[in-house]
There are 2 protein chains.
Amino acid sequence: MNAPHFSTKERILGAAETLFAQHGFAGASLRQVTAAANVNLAAVNYHFGSKDNLIEEVFRRRLDELNVRRLAALKNALAADEPKLDHEGGHAFMRVLARAFAEHDERLRKFLSDNYGHVLREFATAFAGFLPHMDKEELYWRLDFITGALTHSMADFGPMRRRSQVSEESHRERAAAHLIRFAAAGLRTA
Amino acid sequence: MNAPHFSTKERILGAAETLFAQHGFAGASLRQVTAAANVNLAAVNYHFGSKDNLIEEVFRRRLDELNVRRLAALKNALAADEPKLDHEGGHAFMRVLARAFAEHDERLRKFLSDNYGHVLREFATAFAGFLPHMDKEELYWRLDFITGALTHSMADFGPMRRRSQVSEESHRERAAAHLIRFAAAGLRTA
DNA sequence: GTCTATATAGAGATAGAC
DNA sequence: GTCTATCTCTATATAGAC
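Conventions adopted
Residues numbered from 1 in each chain as written. Chains lettered and ligands numbered in written order. Predicted model: local features only at pLDDT ≥ 70, side-chain atom pairs only at ≥ 80, totals over all residues. Heavy atoms only, no water. Helix = DSSP H or I, 4+ residues; strand = E, 2+ residues; numbered from the N terminus. Contact = heavy atoms within 4.5 Å. Areas by Shrake-Rupley, 256 points an atom, 1.4 Å probe, with all protein chains shown as cover. Near = heavy atom within 4 Å. Polar contact = N/O pair within 3.5 Å; in protein donor to acceptor, adjacent residues only side chain to side chain. Nonpolar A, V, L, I, M, F, W, Y, C, P; charged D, E, K, R; others polar. Axes fitted to C-alpha atoms, helices over the stretch in contact; angles between N-to-C directions. Parallel < 35°, antiparallel > 145°, perpendicular 65-115°, else oblique. Least-squares fit on C-alpha atoms with pLDDT ≥ 70 in both. Buried area = accessible area lost by both parts, 1.4 Å probe. Salt bridge = Lys/Arg side-chain N within 4 Å of Asp/Glu carboxyl O. Core = buried A, V, L, I, M, F, W, Y, C linked by side-chain atoms within 4.5 Å. Buried < 20%, exposed > 50% of the residue type's maximum accessible area, 1.4 Å probe, protein only. Expected span 1.5 Å × (residues − 1).

## Quick look at the overall build of chain A
Part 1: Scanning chain A for helices and strands turns up eight helices and zero strands.
Part 2: Along chain A, helices and strands appear, N-terminal first, in the series α-α-α-α-α-α-α-α.
Part 3: Considering only contacts within chain A whose residues lie at least 6 apart along the sequence, 72% involve residues at least 24 apart.
Part 4: When the accessible area of chain A is evaluated, it comes to approximately 10400 Å², of which 53% is carbon and sulfur surface.

## Things to note about the protein's contact with DNA strand D
Part 1: Taken together, the neighbourhood of DNA strand D is formed by 13 residues, with Ser29 and Arg31 of chain A together with Thr8, Asn40 and His47 of chain B sitting nearest.
Part 2: Of what DNA strand D places within 4 Å of the protein, 61% of the atoms are sugar or phosphate.
Part 3: At a separation of 2.8 Å, a phosphate oxygen of DNA strand D approaches a polar side-chain atom of Ser29 of chain A.
Part 4: A distance of 3.4 Å separates a phosphate oxygen of DNA strand D from a polar atom in the side chain of Asn45 of chain A.
Part 5: Sorting the residues of the surface near DNA strand D by element identifies helix H2 (30–37) and helix H3 (42–48) of chain A together with helix H3 (42–48) of chain B as the ones contributing at least two each.
Part 6: Tallying contributions element by element places H3 of chain B first for the surface near DNA strand D, with three residues.
Part 7: Broken down by class, the residue content of the surface near DNA strand D amounts to five nonpolar, six polar and two charged.

## Things to note about the packing of helix H7 (residues 136–154) of chain A against helix H8 (residues 168–188) of chain B
Each pair of packed helices can be described by the angle between their axes along with the distance between the axes.
Part 1: Relative orientation of the contacting elements H7 of chain A and H8 of chain B amounts to 75 degrees, with a least axis distance of 10 Å. Classified by the angle between their axes, H7 of chain A and H8 of chain B sit roughly perpendicular to one another. In this structure, H7 of chain A contributes Glu137, Glu138, Trp141, Arg142, Phe145 and Ile146 of chain A to the contact, and H8 of chain B contributes His171, Arg174, Ala175, His178, Leu179, Arg181 and Phe182 of chain B.

## Quick notes on the relation of the copies chain A and chain B
Part 1: Superposing chain A onto chain B requires a rotation of 180 degrees together with a translation of 0.0 Å along the rotation axis, leaving an RMSD of 0.1 Å. Both copies of the chain, as the preceding transformation shows, are related through a two-fold rotation axis.
Part 2: A share of 100% of the interface residues of chain A reappears at the interface of chain B, consistent with the copies meeting face to face through the same patch.

## Some points on the interface of chain A and chain B
Part 1: Facing the 45 residues of chain A at the interface are 45 residues of chain B.
Part 2: The contact between chain A and chain B buries some 4100 Å² in all, and 63% of this surface belongs to carbon and sulfur atoms.
Part 3: Considering only the surface of chain A that becomes buried against chain B, Trp141, Phe145 and Phe182 of chain A emerge as the three largest contributors, covering 19% of it.
Part 4: There are four salt bridges connecting chain A and chain B.
Part 5: Across the pair Glu103 of chain B and Arg99 of chain A runs a salt bridge, and its minimum N-O distance is 3.8 Å.
Part 6: Scanning the region where chain A abuts chain B turns up eight residue pairs in polar contact (both at pLDDT 80 or more).

## Thoughts on the nonpolar core
Part 1: Within the largest apolar cluster, 38 residues are counted, with the highest numbers of intra-cluster contacts made by Leu139 of chain A together with Leu139 of chain B.
Part 2: For this core, the elements supplying multiple residues, two or more each, are helix H6 (106–130), H7 and helix H8 (168–188) of chain A together with helix H6 (106–130), helix H7 (136–154) and H8 of chain B.
Part 3: What Leu139 of chain A contacts, discounting residues up to four positions off in sequence, is Ala124, Phe127, Ala128, Leu131, Met134 and Leu187 of chain A.

## Some thoughts on the protein's contact with DNA strand C
Part 1: Around DNA strand C sit 13 residues in total, of which Thr8 and Asn40 of chain A together with Ser29, Leu30 and Arg31 of chain B are the nearest.
Part 2: The contact atoms of DNA strand C, taken as those within 4 Å of the protein, divide so that sugar and phosphate hold 59%.
Part 3: Within the side chain of Thr8 of chain A, a nitrogen or oxygen atom sits 2.9 Å from a phosphate oxygen of DNA strand C.
Part 4: Within the side chain of Arg31 of chain B, a nitrogen or oxygen atom sits 2.8 Å from a base nitrogen of DNA strand C.
Part 5: Taken together, the elements giving at least two residues each to the surface near DNA strand C come down to H3 of chain A together with helix H2 (30–37) and H3 of chain B.
Part 6: Of all the elements, H3 of chain A adds the most residues to the surface near DNA strand C, at three residues.
Part 7: Each residue belonging to the surface near DNA strand C can be placed in one class, and the counts come to five nonpolar, six polar and two charged.

## Description of the environment of Thr8 of chain A
Residue and element names in this part refer to chain A.
Part 1: Here Thr8 lies in helix H1 (residues 8–23).
Part 2: Taking the C-alpha atoms as reference, Thr8 lies 41 Å from Thr125; in sequence the two are 117 residues apart.
Part 3: Apart from residues no more than four positions distant in its own chain, Thr8 is found in contact with Val39, Ala43 and His47.

## A look at H7 of chain A
All names here are of chain A.
Part 1: With 19 residues, H7 ought to run about 27 Å at 1.5 Å a step, and its terminal C-alpha atoms sit 27 Å apart, in line with that.
Part 2: Of all the 19 residues making up H7, 14 are buried; the element is thus mostly covered by neighbouring parts of the structure.
Part 3: Backbone geometry just after H7 places Asp156 at a positive phi near 60 degrees.

Shown next, in the form of structure tokens:
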């Protein structure tokens with residue numbers, strides 16, 4: 001069995017995701033990124049053109065696939081009624097995503113909204129279908145609260161961190177179970 | 001009536017709060033801060049010693065007073081049962097606070113936890129008293145979700161932004177009313 | 001496609017005059 | 001307490017050899 005070999009581009013993306021999660025987009029330098037990826041500094045500009053483009057690629061790499069899965073899961077849920085939280089991409093990416101919320105950078109917001117806004121809107125429409133008697137504004141507020149709770153907990157912002165005995169996988173599943181109970185009750189209340 | 005005159009130190013703190021909220025701690029430079037505050041660049045080091053110390057002072061200025069109010073509100077609520085969301089410090093500070101969550105910087109985390117962690121713990125204890133039959137881990141998860149929802153919505157991360165017709169004051173009150181309904185239901189559910 | 005070397009700009013911090 | 005000037009370091013980006 002050969003170990004999989006990662007291209008320079010992939011190594012840069014992986015290191016960038018980790019370091020942006022840890023230090024933020026402004027806080028992590030291309031020098032740190034290329035050092036962690038074990039590639040030359042100039043490789044970033046060759047493969048991505050600029051730091052801003054690299055940031056966008058970090059999102060694109062995960063979100064393209066993730067949103068396909070999300071929409072499929074939504075379609076299934078519309079038939080089966082069995083919610084399943086999807087957190088593909090791993091821990092580092094959830095933290096990068098949470099950072100994207102914190103950065104009120106207009107360029108990044110626009111990029112995410114233009115490319116992935118339709119997924120959010122499909123989910124909102126589906127929830128409106130399930131809760132036809134709920135005031136629209138009330139519903140949107142509640143979905144926004146759930147987004148906040150999800151982002152906060154999945155990015156390990158709060159004190160409910162994983163204990164070292166528990167695997168990351170089962171920690172996530174436990175967190176998801178708690179969140180679903182909490183969110184469902186908050187969403188349905190009169 | 002004389003317009004109030006702000007000291008150099010206060011002008012720096014105000015400008016820093018706004019710019020840190022907008023661009024993050026790493027993203028906002030001391031040069032931007034001092035330019036916005038209309039003071040000399042060297043004034044930051046004279047008054048605060050370093051950028052890191054300035055960041056801590058931005059928090060200390062608001063949190064010292066805010067937490068006194070929070071604890072007083074908790075004491076009242078323990079008697080009266082009338083929750084009131086406190087968001088003293090204004091919009092910019094809520095965004096700075098949300099950024100502090102996003103920054104996984106250990107130094108900043110420790111500073112906030114050392115100086116203000118006891119407030120959080122008092123609230124958790126009070127909630128445990130109100131919900132004596134709830135499993136502790138379940139309760140802590142739910143309080144963490146509420147923290148996420150609160151931070152997210154008060155920092156205007158999501159799409160539920162204030163419309164220009166609505167005043168900031170009444171937008172906040174509306175958001176708080178929605179959040180209290182949502183959080184109360186999520187917290188109490190079996 | 002990857003390297004070295006460097007251009008250019010901006011950062012935080014400080015020394016010392018006033 | 002505030003200024004100018006500057007030190008030193010680091011940043012992003014690019015030019016050009018291999």
